[in-house]
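Summary of structural features
Residue strings, one per chain:
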Amino acid sequence: AQKITQTQPGMFVQEKEAVTLDCTYDTSDPSYGLFWYKQPSSGEMIFLIYQGSYDQQNATEGRYSLNFQKARKSANLVISASQLGDSAMYFCAMREGLENAGNMLTFGGGTRLMVKP
Amino acid sequence: EAGVAQSPRYKIIEKRQSVAFWCNPISGHATLYWYQQILGQGPKLLIQFQNNGVVDDSQLPKDRFSAERLKGVDSTLKIQPAKLEDSAVYLCASSGLAGGPRDTQYFGPGTRLTVL
């Protein structure tokens, strides 16, 4: 079964508008971390934002915020005031477990975001 | 602070040839990861090192792939012999913690491998 599901293969958004990229996850571990990465056409994976399973508040980093709904097991990324440079692939990822060096980062299939001028 | 460095950026080889990729992690980062990203998919972990020891290589095709991290800093990933299905981007990442949910991984630019 998929541990990370991103149901939107592609999304369009008008410049300066907000957009939400969906991510749902599956885990039975009470301790986990959720990450969002941006991958532009250059190929580098750029870390955007992190949400811990025990965090009481939704994470925010500049124009990025995470809509974390633990009961629904969703961690949607919200990008406010979209810019042309936001056009890229976006990956949701999860890391399970406490201080265990063997736990891997599992990625979803990604969403391609295209910002229209 | 310098990021994760990888070389080469691009490599084209014929099937059955061998190839090697190099990674230099962020200074001070003890944990190093190699991922394979096939076109249109998310990255898949191949191997994870903690200092110079292997923590997880369960998804590494050990009949043809090998990796080492001598002295706990730089790492090399080798494929011998390469197959057509090995065409992918190979991403190296490093992190400063010893695992756990808050362990953020920082990625290099990747090596795009094409096997003909």
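Presented here is an overview of the structure given in this document. All figures in this text were calculated on a predicted structure; none of them were measured in a lab. Sequence positions are assigned chain by chain, starting from 1 and proceeding in written order. Labels follow written order: the first chain is A, the first ligand is 1, and so on. The predicted nature of this model means local features are confined to residues of pLDDT at least 70 and side-chain atom pairs, given and counted, to a pLDDT of 80 or more, with totals for whole chains, interfaces and linings taken over all residues. Only heavy atoms go into the side-chain values, all of them from the structure, while hydrogens and water stay out.

1. Notes on the interface of chain A and chain B
Put simply, the rule reads: By the convention used here, residues are in contact when the closest approach between their heavy atoms is within 4.5 Å. Simply put, the buried area is the total loss of 1.4 Å probe accessible area from both parts when two parts are fitted together. Should a side-chain nitrogen of Lys or Arg be within 4 Å of a carboxyl oxygen of Asp or Glu, the pair is scored as a salt bridge. Polar contacts here mean pairs of N or O atoms no more than 3.5 Å apart (in protein, one a potential hydrogen donor and the other a potential acceptor; neighbouring residues in sequence count only if both atoms are side-chain atoms). In DSSP terms, a helix is any run of H or I states spanning at least four residues, a strand is any run of E spanning at least two, and both are numbered starting from the N terminus. In this classification, Asp, Glu, Lys and Arg are treated as charged, Ala, Val, Leu, Ile, Met, Phe, Trp, Tyr, Cys and Pro as nonpolar, and every other residue, Gly included, as polar.
Listed as interface residues are 27 residues of chain A and, on the opposing side, 27 residues of chain B. When chain A packs against chain B, the two sides together hide about 2000 Å² of surface, and 51% of this comes from carbon and sulfur. Across the chain A-chain B interface, the total number found is zero salt bridges. If you look at where chain A meets chain B, you find four residue pairs in polar contact (both at pLDDT 80 or more). Of all the secondary structure elements, the ones that give two or more residues to the side of chain A that touches chain B are β5 (32-39), β6 (46-52), β10 (88-96) and β11 (105-107) of chain A. Looking at the side of chain A that touches chain B element by element, the count peaks at five residues for β5 of chain A. By residue class, the composition of the side of chain A that touches chain B is twelve nonpolar, eleven polar and four charged.

2. Here we look at the layout of surface pockets
Here is the rule: Points on a 1 Å grid, built from protein atoms alone, make a cavity when a 1.4 Å probe fits but cannot get out and make a pocket when they are open with protein on both sides within 12 Å along at least 5 of 7 lines; residues with an atom within 4 Å of a point are the lining residues. Grid points are joined across faces, edges and corners, and a volume is the space filled by probe spheres set on the points.
The space that makes up the second largest pocket amounts to roughly 340 Å³. Forming the walls of the second largest pocket are 19 residues, and the residues nearest its centre are Q39 of chain A together with Q37, L39, G40 and R112 of chain B. Going through the elements one at a time, β10 of chain A together with β9 (88-95) and β11 (111-115) of chain B are the ones with two or more residues in the lining of the second largest pocket.

3. Structural notes on the sheet that holds strand β1 (residues 5-7) of chain B
Residues and elements named next belong to chain B. What counts here: One requirement defines pairing of two strands: DSSP has to find at least two bridges between them. Think of each axis as a best-fit line through the C-alpha atoms, taken over the contacting stretch in the case of a helix, with angles from 0 to 180 degrees between the N-to-C directions.
A sheet is described by the order of its strands in space; here four strands give the open sequence β1-β3-β8-β7, paired in antiparallel fashion. Taken across any chain shown, the strands that pair with only one partner, and hence form the sheet edges, are β1 and β7 (65-68). Across the sheet, the axes of successive neighbouring strands diverge by a mean angle of 15°, strand direction being ignored.

4. Overview of the environment of G53 of chain B
Residue and element names in this part refer to chain B. Rules: A 1.4 Å probe rolled over the protein chains alone gives each residue an accessible area, and that area as a share of the maximum for its type sets the label: buried under 20%, exposed over 50%, partly exposed in between.
The residue G53 is located in strand β6 (residues 53-56) in this model. Owing to a relative accessible area of 28%, G53 belongs among the partly exposed residues under this scheme. Separated by 17 residues in sequence, G53 and L70 place their C-alpha atoms 9.0 Å apart.

5. Regarding the state of the cysteines
Residues and elements named next belong to chain A. For the record, the criterion: Two cysteine sulfur atoms make up a disulfide if the distance between them is within 2.5 Å.
The final tally for this structure, using the stated rule, is two disulfides over all chains. In this model C23 forms its disulfide with C92; the gap between the sulfur atoms is 2.0 Å. Because the torsion about its S-S bond is -65°, the bridge between C23 and C92 counts as left-handed. Of this pair, C23 sits in the loop between β3 (19-21) and β4 (24-25) while C92 is found in strand β10, placing the two residues 69 residues apart along the sequence. For the pair formed by C23 and C92, the shared burial category is buried.

6. Here's the deal with the pairing of strand β12 (residues 111-116) of chain A
All names here are of chain A. Going residue by residue along β12, you find T111, L113 and V115 tucked away on one face and R112, M114 and K116 left uncovered on the opposite face. The pairing of strand β2 (residues 10-14) with β12 spans five bridges and is classified as parallel. When the sheet's bridge partners are listed, F12 is paired in β12 with M114. Two elements, β10 and β12, share three bridges in a ladder whose sense is antiparallel. Paired with Y90 across the bridge in β12 is T111.

7. Observations regarding the nonpolar core
One broad trend across soluble globular proteins is that nonpolar side chains are buried collectively. Put simply, the test is: Only buried Ala, Val, Leu, Ile, Met, Phe, Trp, Tyr and Cys residues count toward a nonpolar core, and they belong to the same one when joined by side-chain atoms within 4.5 Å.
Residues L21, Y25, W36, I49, L77, Y90 and L113 of chain A are the most contacted members of the largest nonpolar core, which totals 25 residues. Counting only elements with at least two residues in this core, the list comes to β2, β3, β5, β6, β8 (64-69), β9 (74-79), β10 and β12 of chain A. Sort the elements by how many residues they give to this core and β10 of chain A lands first, with four residues. Setting aside residues no more than four positions away along its own chain, L113 of chain A makes contact with M11, V13, V19, L21, I79, D86, S87, A88 and Y90 of chain A. Among the nonpolar cores identified, the runner-up in size contains 21 residues, and I13, F21, A82 and A88 of chain B belong to it.

8. So, unusual backbone geometry
Omega for the bond connecting S7 of chain B with P8 of chain B falls within 30 degrees of zero, at -10°, which places this linkage in the cis form. Among the secondary structure elements, P8 of chain B is positioned in the loop between β1 and β2 (10-13). Here the bond from Q80 of chain B into P81 of chain B is cis, since omega is -5°, no more than 30 degrees from zero. For P81 of chain B, the location among the structural elements is in the loop between β8 (75-79) and β9. Look at K16 of chain A: it is not a glycine, yet its phi comes out positive at around 80°. Inspection of the secondary structure puts K16 of chain A in the loop between β2 and β3. Notably, K71 of chain B is not glycine yet its phi reads approximately 65°, a positive angle. Mapped onto the elements, K71 of chain B comes out in the loop between β7 and β8.

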